[in-house]
Protein chains: 4
Amino acid sequence: MTWGRQMAENQMWGGRFAGGPSAIMSAINASIEVDQRLWRQDIAASLAHAAMLAEAGIISTADASAIKTGLQDIAAAIEAQQLSFTADLEDIHMNIEAELTRRIGEPGRRLHTARSRNDQVATDFRLWVRDALDGLDAALLDLQRGLLAQAGLHAGTVMPGFTHLQIAQPITFGHHLLAYVEMFARDRGRARDARERLNECPLGAAALAGTSYPIDRTQTAHALGFREPMRNSLDAVSARDFACEYIGVAALTATHLSRLAEELVLWTSPLFGFVRLSDAYTSGSSIMPQKRNPDAAELIRAKAARITGSLTAMLGVVKALPLAYAKDLQEDKALVFEAADALALSMAAMTGMIGDLEANPEAMRAAAAKGYANATDLADWLVQHLGIPFREAHHITGTIVKLAETRGQALEDLPLTDLQSVEPRITQGVHDVLPLDKSVASRNSFGGSAPAQVRAQIAYWTEKLS
Amino acid sequence: MTWGRQMAENQMWGGRFAGGPSAIMSAINASIEVDQRLWRQDIAASLAHAAMLAEAGIISTADASAIKTGLQDIAAAIEAQQLSFTADLEDIHMNIEAELTRRIGEPGRRLHTARSRNDQVATDFRLWVRDALDGLDAALLDLQRGLLAQAGLHAGTVMPGFTHLQIAQPITFGHHLLAYVEMFARDRGRARDARERLNECPLGAAALAGTSYPIDRTQTAHALGFREPMRNSLDAVSARDFACEYIGVAALTATHLSRLAEELVLWTSPLFGFVRLSDAYTSGSSIMPQKRNPDAAELIRAKAARITGSLTAMLGVVKALPLAYAKDLQEDKALVFEAADALALSMAAMTGMIGDLEANPEAMRAAAAKGYANATDLADWLVQHLGIPFREAHHITGTIVKLAETRGQALEDLPLTDLQSVEPRITQGVHDVLPLDKSVASRNSFGGSAPAQVRAQIAYWTEKLS
Amino acid sequence: MTWGRQMAENQMWGGRFAGGPSAIMSAINASIEVDQRLWRQDIAASLAHAAMLAEAGIISTADASAIKTGLQDIAAAIEAQQLSFTADLEDIHMNIEAELTRRIGEPGRRLHTARSRNDQVATDFRLWVRDALDGLDAALLDLQRGLLAQAGLHAGTVMPGFTHLQIAQPITFGHHLLAYVEMFARDRGRARDARERLNECPLGAAALAGTSYPIDRTQTAHALGFREPMRNSLDAVSARDFACEYIGVAALTATHLSRLAEELVLWTSPLFGFVRLSDAYTSGSSIMPQKRNPDAAELIRAKAARITGSLTAMLGVVKALPLAYAKDLQEDKALVFEAADALALSMAAMTGMIGDLEANPEAMRAAAAKGYANATDLADWLVQHLGIPFREAHHITGTIVKLAETRGQALEDLPLTDLQSVEPRITQGVHDVLPLDKSVASRNSFGGSAPAQVRAQIAYWTEKLS
Amino acid sequence: MTWGRQMAENQMWGGRFAGGPSAIMSAINASIEVDQRLWRQDIAASLAHAAMLAEAGIISTADASAIKTGLQDIAAAIEAQQLSFTADLEDIHMNIEAELTRRIGEPGRRLHTARSRNDQVATDFRLWVRDALDGLDAALLDLQRGLLAQAGLHAGTVMPGFTHLQIAQPITFGHHLLAYVEMFARDRGRARDARERLNECPLGAAALAGTSYPIDRTQTAHALGFREPMRNSLDAVSARDFACEYIGVAALTATHLSRLAEELVLWTSPLFGFVRLSDAYTSGSSIMPQKRNPDAAELIRAKAARITGSLTAMLGVVKALPLAYAKDLQEDKALVFEAADALALSMAAMTGMIGDLEANPEAMRAAAAKGYANATDLADWLVQHLGIPFREAHHITGTIVKLAETRGQALEDLPLTDLQSVEPRITQGVHDVLPLDKSVASRNSFGGSAPAQVRAQIAYWTEKLS
């Protein structure tokens, strides 16, 4: 960032727009600072358009050839950071077209035939979002693999399962992590569905109504990897549901990340101590070496709120906009980019933290032993071995737990006679289900906490993700 | 609504919770006023669960049979409005189970074996949302058909195409309406994708960790029309991304509806006069009979904001919630129901308005003739017939339009000599593209405004939607 | 709720609007189910209006007298639950006016002179929101007093102060609670500012443009407790910033409540064990008696998200609405009422929980002793007693803490020689600041953690709130 | 923006964080790109802090003097763009402190005594927001003056008053503009209230618990223009309600701007033609010279949605955050800055447009004559001159308007005999109220449309704003 810009910002009210209308309109119209990120997409779309124009006889093949070479040179120059953009040319589209004409002359002036900035930007933006969705899918796969690797180490590591942040039933750390593998699988599904849905091509819709040139929209659509051209030119330039859907996918993914981030904040608190993050993902304090602030996890929580705000904004921008194009839509790219950046950072940080974290099985087990997390096991034993209706077994168990609490004992340490004082038919067999490990192992229903189930799910996902 | 409730609300701060903690906790815990809408789903899930318990030998077939009859009787009683619910039993699940036990005795107390309210409510809620998505798909189909019918009447009805609410190029009313057929098709796609994604069954996850009973989760899943059981019990009871996604689909659909609603408000304003809504969908004024307030359209705009608010809220509820269940999640149903109600009303109102509206082709054509909506046609003619590069043709056209403006004439009324004074090579042939109808007809690219294109798209959709 | 309504809702898509346009328009136009909560305000405003009309000679005193008696009778009837409203009369205003005319005949038909529903509803709604703000202020005062009472018991109760949920420095429980007294004081300030701002009267603005009757708007304004009449009739009927501001105040208050609620969830988790909520504010489990789910606290978190959603929606409704009245604004009351209800419940629950909770000072102290929460005290001692620059003292302390960690000892248990091995000038005096209580007591800057400071702030607030 | 950054962004997923953990943590921790905008505030707060430290005897006066000179030099260097910041030093606070120590040596290392980054950033940020609120107040005053100037030109310019975008009653353009003067006056009130509320000083709260140094917090507070020091150190570092409130004020102001922007979009559409924006605030089309796209107005609409999104995000960040500081709060500045930037641009653009616009009184009057906008005048005449109850007069008027409609005549053109055929007592006097100008002039109630009222309000505001 240059200092010029920084200074202007400090004098926001008095200074930035002191230049009068032209400074204001430039701030409104010039989107180059934001949309330069579309340069690859813009060049790709122009290449496809020029090739089609030539094939349809709308421009000469010599012109098309000059355009192709010119655009490829420009791409190389941008890659090599040898081209600078200017706000005087408003946006990435005009910057590239002007540079092309500067380089190749008249053929460059023929490129914009049978298209308009309205369909051009819609095309570029769809290409960008398509890439972003592909990138998200790949990043989510990485994260799933990281979770799976940790789950593999801890399929049998007992920890307390919480509801209401109260200790409820023992589970395993592997089981817990797999829950997130499932969530992120659905996020990947949403990303793929969104990709498929947006993958139709607006190019050729021109300003809003199509064109009288004999263009071949299917050719450009296919050249750019789109399934087909969009069927309605007004829709092609006005639709932004693909951008809304993208931010929606991002918001849900970020919300899932924030749930896991919240758990990392809890688990790394000294009062839990379940997990230790690596130095790489904590910020320490030179004065309190025990302090390992889970900054990355906290920021992930904040970014989820941020992306939800972007979604609110994006839907608000589109709400009640008549067809076709309106300037309000210029805000779409800033919102998408900012959601994408926030999500990319969150994904990278979470994947890093999950890969590096070290679980503390002793702390987990000690916590699981607090409370009467095996009370449900006792109730289930009463139903299964004595044929007592569940609602009644539930009641008997309550009485026994109260007794244990009075004695200050765990259920498994209560003498059989005490158990029988509440329900005479209870036998020694009940101790087969009360210890923590047996409790966990007993929940062997499909998808349950039993290590056998957890390992089966790990196997399922290992194959699925390979 | 009873007066008792109404009065309490008026004395909100002093009164409603004057009953102390119990009144407060009842307001927090009792969800029956909201979740009674799940009764059909709750009974269906209990029927499937009981059948499976019997088949797995967990309860007797006699018990299962009693449960089945009892639940069916309860369903009939509810349908016949002969059963009333009570907040003392908190929610729909406990109300139905208590009623069952009241009717059939001990077998009723066995129903809750190997499940918990956590998996029960997740199952019921998914079933409800699945229905809501199916309903939305059907409602969107109706609306598409209504739009298609109107488009069929107006494939060739010329109207101004707007950008920035300025007149840009002539299009046809049919073309404009088809843009919404496309948008709603994508909304349907989102609804179907969401349905497919949520269609896996949480039942059997129990409280959070699965169960030690030998249940068959695949059986209950299939009995309820789910694709398969969910693979992770923690995920099964904690996941609410299906609710977020549903409200997201609703918000996008509502946003599309609000765009069309905005257009109806504009089109029915006397300053446009493009469209007349039927008496059924306007509120009049006995004092100003010409006043036909498009109340339904305005409310649709407001509902879009409302549903976006529900989405914000739903994402906010889930953000940073650790696993597994937390009471925060109780808010999910209120948010989903309120979004669904708002959307159902909006869909019904829009479908009604579209079905009944009468277009005013004269007003549309007169508006299209304002301005120089055919300027692009002139520029394109220069490119196509004189081989002038587009950017230059664009410039020549600007000069000619300025000339016409000075003369107070339309482009098509400007003498050829005037045109030639700017660009000598212009011939009489230019008048083949300047008149409104010719201008529209010329934009014959795929998806363009030409009536031939519009009719082709109508044919496409007519087959697709039949 | 009647079953009729419930059943209809279950058949949402197919059923509710099967009645066709009239059912839809009734659902759009009839606001009586929502706005009946304005009945007191509506009658108050009509009484003021009628008195003014008579005084201005617009209606006779006899008519005014009949209207007054009629409206008072209606109020009594509503209080006594002897009047039922009908959706056929759309809203509370028409229901009351129709009932008045039914009772007193022709004078009733004169009441609506020189006013319109547009200014009537704006007036009623402002009165309602004004009451809601007053109620919020009173409820916040109650909560502040509850916090203050607990703080009084625990001005010296040492607990860990957290940053990043890591243990940072010891503080006291009283100090922590006082932070919320401050937050809620600012919320009260916002409520009072909003009240003052909205307290101007729209009555007399009529439909949008004022009226030709010689009304006295100042008289009605003052009769209703408003500061003055609004100065612009278009603004009077179109403005809803008071509703937005109200929900904004509610959202911020709810956000503060959610922060405290989060702490209650943490503090009541067995892994913290800092606080025990009373039975009245927890939901238990008959099977796990140790389980005391902080349902009320969790719901308060969710309600914060809910109210933020209402705020998003309300701003979205108003966004880009041209003047003057539009039907979109009908959504305002539902949004305000729902925010108010959510907040009222949250306030009552929080005030109840705070009043009843029991702190566990031993658990708090034990947690504070974890880690090296007094490291800052050592650094400050180095600066204050040895004149070492802070940044250097910071570094020395880090070295000492690392040494202590290696030894597995607390700082205060490290022999002086060990301290001196790092910094030779350290003396025995350092032990004056290292123990927990001394550490806390030493932070005696204004507003700091020292019990003396905490007690001073308690005294300040006790006087301020009495 | 450098190309390096741009390229990285294009390879977002694969590239940006390929540097591994350190690249990720740097992106999380380094806030310098955002918070450098706080440099003036940071230096001001450090100057006040150093002066106090010396006066309290915590550092020497010589050190304080060196610090003062050093900081002033740094400020001059930044102004002169001779200092560059580095992400290695994370934030603006560390960048400035490190530069100070580089310049003046050991005294620089004493500056951070008795403070922490937590209270430092809270202080800087409050100072920044305070300035932003002052700037907003001044900008709103400018806009009010612009509106007032236009209103002064058009106190008597008749235009249609709309409800539901249907023509309702005639008003004047001046009257319409004054409605916004009122709205912006309330926005200014909100800005001032927010300023007053945030104007207390966190400095001296240190990390979270205060400090053992004998600091004088009142001195630093007053030196920085704060009313007083904050009374609770935990609150001082954790509170962000001031940031939420600021964005809330911004969102409401932006919502008001968006309402006016919507009207500008409508009024400049050729179908209204009420207003012409200057070239400076429209983007034209070289091809369609009549096309004057109201880009600035459209962007203002979009920015309102944007700021609402920032508010949603900010409340979401703070929701359910336990005390005291958490990294989530780092997101606050980005959200505030982005709302402030969006609002500053919107304010400047609106003030510019209002200043330059040219009304078209003929088009306004022609539109007002459409429909039966004077029907209410007839009804009121019936009440006032014939003593007919309003509800009955309303009904009679409806009958007459229907008759006029059948005849295709305006009310004022209907023969007296026709009027009398509906209500025999009607006299010629009715024509005193029916013509447009008389209708407008008749609504002479306080705040009404009568030019006399409009002029009175202009006089009120002219004095008030001078």
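Notes on the structure follow.

How each quantity is defined
Residues numbered from 1 in each chain as written. Chains lettered and ligands numbered in written order. Predicted model: local features only at pLDDT ≥ 70, side-chain atom pairs only at ≥ 80, totals over all residues. Heavy atoms only, no water. Contact = heavy atoms within 4.5 Å. Buried area = accessible area lost by both parts, 1.4 Å probe. Salt bridge = Lys/Arg side-chain N within 4 Å of Asp/Glu carboxyl O. Polar contact = N/O pair within 3.5 Å; in protein donor to acceptor, adjacent residues only side chain to side chain. Nonpolar A, V, L, I, M, F, W, Y, C, P; charged D, E, K, R; others polar. Least-squares fit on C-alpha atoms with pLDDT ≥ 70 in both. Helix = DSSP H or I, 4+ residues; strand = E, 2+ residues; numbered from the N terminus. Expected span 1.5 Å × (residues − 1). Buried < 20%, exposed > 50% of the residue type's maximum accessible area, 1.4 Å probe, protein only. Arc of directions from axis to C-beta. Axes fitted to C-alpha atoms, helices over the stretch in contact; angles between N-to-C directions. Parallel < 35°, antiparallel > 145°, perpendicular 65-115°, else oblique. Left-handed = near helix turned anticlockwise from the far one by under 90°. Phe/Tyr/Trp six-rings, centres within 6.5 Å; stacked < 30°, edge-to-face > 60°. Lys NZ or Arg CZ within 6 Å of the ring centre and 35° of its normal.

## Quick look at the interface of chain D and chain C
With 99 residues of chain D in contact, the opposing surface of chain C contributes 99 residues. With both chains or domains summed, chain D and chain C bury close to 8,400 Å², and 56% of this area falls on carbon and sulfur atoms. Considering only the surface of chain D that becomes buried against chain C, Arg231, Arg259 and Arg391 of chain D emerge as the three largest contributors, covering 10% of it. At the boundary of chain D and chain C, one finds 16 salt bridges. Between aspartate 241 of chain C and arginine 190 of chain D there is a salt bridge whose closest N-O contact spans 2.6 Å. Our enumeration of links across chain D and chain C arrives at 56 residue pairs in polar contact (both at pLDDT 80 or more). Of the residues belonging to the side of chain D that touches chain C, the class tally is 43 nonpolar, 31 polar and 25 charged.

## A few points about the relation of the copies chain D and chain C
When chain D is fitted to chain C, the residual RMSD is 0.1 Å, and the transformation amounts to a turn of 180° plus an axial shift of 0.0 Å. Here the transformation between the copies is reduced to the relation of a two-fold axis. In this assembly the copies share their binding face: 100% of the residues contributing to the interface of chain D also contribute to that of chain C.

## Quick look at the side chain of histidine 164 of chain B
Positionally, histidine 164 of chain B belongs in the loop between strand 1 (158–163) and strand 2 (166–172). Residues within four places of histidine 164 of chain B in sequence aside, it is in contact with Tyr325, Ala326 and Lys327 of chain A together with Val265, Lys291, Asn293, Pro294, Asp295 and Glu298 of chain D.

## Digging into helix 6 (residues 61–79) of chain D
Residues and elements named next belong to chain D. Taking 1.5 Å of rise per residue, the 19 residues of helix 6 would be expected to cover 27 Å, and the 27 Å separating its terminal C-alpha atoms lies within 8% of that figure. Inspection of helix 6 places Asp63, Ala64, Ile67, Gly70, Leu71, Ile74, Ala75, Ala77 and Ile78 among the buried residues, and these make up the whole buried set. Down the axis of helix 6, the buried set is contained in an arc of 160°. They therefore lie on one face. Exposed residues on helix 6 whose side chains face more than 90 degrees from its buried face are Thr61 and Ala62.

## Some details on the packing of helix 3 (residues 21–29) of chain A against helix 15 (residues 331–356) of chain D
In contact at an axis separation of 10 Å, helix 3 of chain A and helix 15 of chain D are set at 130° when each is read in the N-to-C sense. Judged by the inter-axis angle, helix 3 of chain A sits oblique to helix 15 of chain D. Here helix 3 of chain A and helix 15 of chain D pass one another in a crossing that is left-handed. Note on element contacts: helix 15 of chain D touches helix 3 of chain A through Leu345, Ala348 and Ala349 of chain D, opposite Ile24, Ala27 and Ile28 of chain A. Classifying every residue of the contact of helix 3 of chain A with helix 15 of chain D gives six nonpolar, no polar and no charged.

## Digging into the packing of aromatic side chains
Under the counting rule described, the total for this entry stands at 30 aromatic pairs over all chains. Ring geometry for phenylalanine 272 of chain B versus phenylalanine 272 of chain D: centroids 6.4 Å apart, planes at 65°, classification edge-to-face. On the criterion of chain membership, the pair formed by phenylalanine 272 of chain B in the loop between helix 13 (241–268) and strand 5 (275–276) and phenylalanine 272 of chain D in the loop between helix 13 (241–268) and strand 5 (275–276) is interchain, its members lying in two chains. On the accessibility criterion, phenylalanine 272 of chain B (6% relative accessible area) is buried. Cluster of aromatic residues (ring-pair linked, three or more members): Phe162, Phe272 and Phe274 of chain A together with Phe162, Phe272 and Phe274 of chain C. Against the face of phenylalanine 337 of chain A rests arginine 37 of chain A, its NZ or CZ located 4.6 Å from the ring centre. Above the face of the phenylalanine 125 of chain D ring, lysine 333 of chain D is positioned so that its terminal group lies 5.3 Å from the ring centre.

## Points about the pattern of salt bridges
Under the criterion given, the structure shown has 152 salt bridges over all chains. Among the ionic pairs, aspartate 328 of chain A bridges to arginine 301 of chain D, the shortest N-O distance being 2.8 Å. One end of the pair, aspartate 328 of chain A, is in the loop between helix 14 (295–318) and helix 15 (331–356); the other, arginine 301 of chain D, is in helix 14 (residues 295–318), on a second chain. Here aspartate 328 of chain A and arginine 301 of chain D have matching classes, each one buried. Glutamate 228 of chain B is paired through a salt bridge with arginine 231 of chain B; the nearest N and O atoms lie 3.8 Å apart.

## Focus on the interface of chain C and chain B
As a measure of interface size, the accessible area lost when the parts come together is often cited. At the interface, 69 residues of chain C touch 69 residues of chain B. With both chains or domains summed, chain C and chain B bury close to 6,000 Å², and 64% of this area falls on carbon and sulfur atoms. Our count for the contact surface shared by chain C and chain B stands at ten salt bridges. Between lysine 303 of chain C and glutamate 331 of chain B there is a salt bridge, and its shortest N-O distance comes to 3.0 Å. Across the contact surface, chain C and chain B share twelve residue pairs in polar contact (both at pLDDT 80 or more). Examining the composition of the side of chain C that touches chain B, we find that 15 residues originate from one element, helix 14 (residues 295–318) of chain C, more than from any other. Its residues assigned to classes, the side of chain C that touches chain B shows 38 nonpolar, 16 polar and 15 charged.

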